[in-house]
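Geometric and topological summary
The chain contents come next:
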Amino acid sequence: MTAAKPPDNGHRRGVASLPTNPRLLPRRVSVVLGWSTLAALALLTLFGLWGAPPDAVQGDAQRIMYLHVPAAWLAYLAFTVTSVASLLYLWPRTRSTVWDLLAGASAELGVVFTGLTLLLGSLWGRPVWGIWWAWDARLTTTAVLFFLYLGYLSLRRIPASVETRAKRCAIAALIAFVDVPVVHLSVNWWRTLHQQATVFNPELNPRIHGVMAFTLWLGVVAFTLVYVYLLDRRYQLAVLEEDLEERELDAAIAQRVAEAPSPRPAGVHS
Amino acid sequence: MNLLRELWVVTAKDLRIEARSRVTIGQVLPFGVIVLLLFAFALDPDRGILPRVAPGLFWVAVLLAALLAVSRAFALEEANGARDGLRLSGLDTGAMFLGKALAVAIQLFVLEVILGAGVVLFYDLTPRAAEVLVPAALAATVGLAAAGTLYGVLAAGLRVRETLLPLLLLPVVAPVMLGATRAFEAGLGLNGAPGEAWPWVEMLGLFALIYTTLGFLAFGPLLEEA
């Protein structure tokens with residue numbers, strides 16, 4: 001039956017499930033978001049370097065906090081988004097490639113933010129603790145988190161049909177996410193050197209005030225904007241990548257069909 | 001009851017293959033012993049470091065051997081379309097997961113006993129507090145086998161299986177490594193009293209429970225896609 005016309009759907013890797021709209025946010029919103037992100041980062045630089053006073057104990061080294069803490073929060077946000085998107089993919093009623101691509105985009109950003117957290121923390125630890133790295137609970141948990149999701153990203157790169165990859169990766173993302181509290185618990189029992197949470201401490205009483213608190217919140221807002229903006233861009237890129245792959249496959253098959261010497265197109269048996 | 005019988009069919013199959021091929025005993029076990037020797041080469045055995053760090057070294061050796069054991073468990077299913085056979089067998093996928101994990105766990109436990117004897121022999125360690133060590137080792141083994149089997153099926157059939165599996169599995173089983181090492185240290189009196197091992201044993205049990213449940217639920221969909 002399919003021999004009469006070029007195969008349009010038979011070989012396609014679930015192209016029907018590819019989102020028709022490659023954008024997460026409307027174009028105008030994306031542009032405004034981009035400029036707001038730049039403005040927020042500029043403001044954060046101003047406040048982080050000059051606006052906020054140096055720390056009474058740690059001096060200027062403490063300014064790294066305005067990047068380190070937002071990066072860590074965003075890493076957790078990104079991985080949470082990955083998990084929720086993976087769950088929405090696995091739920092039959094909400095199954096859509098949109099969630100899969102979103103999960104992948106968010107995980108990639110999460111790994112970047114986790115790496116940034118480790119790097120900035122290391123730079124902060126050197127002047128304050130006297131060491132680049134300490135075997136502290138949070139540092140260790142963050143390092144494990146980094147590798148957990150690095151593995152997830154490797155899994156995403158393995159070629160497979162869109163559906164196969166999406167399902168496999170969604171399950172892997174959830175397995176990894178479940179591991180996070182266990183790692184946290186075990187490592188916490190193991191050792192603790194890192195300072196306790198400043199804002200979300202057990203007493204829920206922020207131990208940071210005035211310009212410093214404002215700068216920290218500014219950092220969180222700026223980094224959230226960076227995250228949302230990059231997520232939008234990365235998602236669009238992912239959709240276009242999938243689309244390109246489909247088109248290249250179509251072109252390659254069309255070429256093969258055209259090359260076939262027999263009247264029956266080659267490779268169409270099903 | 002049906003679940004148990006189906007589970008045992010899979011376990012018996014894997015153990016029968018092991019009994020005939022002797023890959024775990026003939027290859028994975030010697031590998032583990034070599035790792036123990038390498039540690040002795042790396043850390044000067046005469047300075048008394050080895051007995052102090054023996055629990056950690058033991059569990060690293062077990063972890064590396066577990067990677068090979070899990071790889072082997074799924075390499076079995078590659079040849080002759082065995083995975084399709086498994087899929088078509090009509091067995092419950094949850095039972096399949098439990099069966100394969102149990103086969104891995106049994107082999108790992110045997111491995112641990114022999115490697116444990118190797119540690120006592122090579123690292124000059126006196127075994128004691130078996131009432132703590134055995135539950136800790138059992139809980140850790142079940143956790144390793146469950147997480148390993150889950151990631152084994154996730155990576156099954158992929159061309160990059162051998163390199164991907166360690167990257168996926170090792171960060172996930174970090175709590176097992178940590179918990180089992182601390183429990184053994186406490187049990188052997190190297191770091192605290194034997195009684196201090198129990199919170200770690202509970203953590204290992206929690207890990208085993210979580211990954212057994214996850215594997216039970218996820219094995220079917222993953223096998224379908226493999």
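Whatever comes next refers back to the structure up there.
Quantities reported herein were computed from a predicted structural model and do not represent experimental measurements.

**A word on the overall build of chain A**
Helix and strand counts for chain A come out as six helices and zero strands. Starting at the N terminus and walking to the C terminus, you meet the elements of chain A as α-α-α-α-α-α. At a minimum sequence separation of 6, the contacts of chain A that also span at least 24 residues come to 79%. Carbon and sulfur atoms provide 67% of the accessible area of chain A, an area that totals close to 14400 Å².

**Some thoughts on the nonpolar core**
Core analysis: the biggest nonpolar cluster contains 135 residues, and Phe113, Tyr149, Tyr152 and Leu155 of chain A together with Trp59, Tyr123 and Leu144 of chain B have the highest contact counts within it. With 15 residues, helix α6 (residues 130-155) of chain B is the largest single contributor of residues to this core. If sequence neighbours within four positions are ignored, tyrosine 149 of chain A has contacts with Phe79, Ser83, Ala107, Val111, Ala173, Ala176 and Phe177 of chain A.

**With respect to a nonpolar patch on the surface**
All names here are of chain B. On the surface, a cluster of nonpolar side chains totalling about 570 Å² of accessible area is made up of Trp8, Ile25, Leu102, Ile106, Val110, Val113 and Ile114. For the nonpolar patch, the element with the highest residue contribution is helix α5 (residues 93-123), accounting for five residues. In this fold, tryptophan 8 is placed in helix α1 (residues 2-21).

**Quick word on the packing of α5 of chain B against α6 of chain B**
To describe two helices that pack against each other, one gives the angle between their axes and the distance between the axes. Residue and element names in this part refer to chain B. Direction vectors running N to C along α5 and α6 enclose 135°, while the axes themselves pass 8 Å from each other. Compared by their axis directions, α5 and α6 come out oblique. For the pair α5 and α6, the crossing hand works out as right-handed. Residues Phe97, Lys100, Ala101, Val104, Ala105, Leu108, Phe109 and Glu112 of α5 pack against Ala137, Leu138, Thr141, Leu144, Ala145, Ala146, Thr149 and Leu150 of α6.

**Overview of empty space enclosed by the protein**
Under the counting rule described, the total for this entry stands at two cavities of 30 Å³ or more. Looking at the largest cavity, its volume works out to about 90 Å³. Only α1, α3 (49-75) and α5 of chain B provide two or more residues apiece to the lining of the largest cavity. Within this model, the second largest cavity holds a volume of roughly 50 Å³. Lining the second largest cavity, in full, are Leu148, Gly151, Tyr152, Ala172 and Ala176 of chain A together with Tyr151, Leu168 and Val172 of chain B. Of all the secondary structure elements, the ones that give two or more residues to the lining of the second largest cavity are α4 (137-156) and α5 (162-190) of chain A together with α7 (161-172) of chain B.

Conventions adopted
- Residues numbered from 1 in each chain as written.
- Chains lettered and ligands numbered in written order.
- Predicted model: local features only at pLDDT ≥ 70, side-chain atom pairs only at ≥ 80, totals over all residues.
- Heavy atoms only, no water.
- Helix = DSSP H or I, 4+ residues; strand = E, 2+ residues; numbered from the N terminus.
- Contact = heavy atoms within 4.5 Å.
- Areas by Shrake-Rupley, 256 points an atom, 1.4 Å probe, with all protein chains shown as cover.
- Core = buried A, V, L, I, M, F, W, Y, C linked by side-chain atoms within 4.5 Å.
- Buried < 20%, exposed > 50% of the residue type's maximum accessible area, 1.4 Å probe, protein only.
- Patch = residues over 30% accessible without salt bridge, like charges linked within 9 Å, V, L, I, M, F, W, Y side chains within 5 Å.
- Salt bridge = Lys/Arg side-chain N within 4 Å of Asp/Glu carboxyl O.
- Axes fitted to C-alpha atoms, helices over the stretch in contact; angles between N-to-C directions.
- Parallel < 35°, antiparallel > 145°, perpendicular 65-115°, else oblique.
- Left-handed = near helix turned anticlockwise from the far one by under 90°.
- 1 Å grid on protein atoms, 1.4 Å probe; cavity = no way out; pocket = protein on both sides within 12 Å on 5 of 7 lines; lining within 4 Å.
- Points joined across faces, edges and corners; volume = space filled by probe spheres on them.

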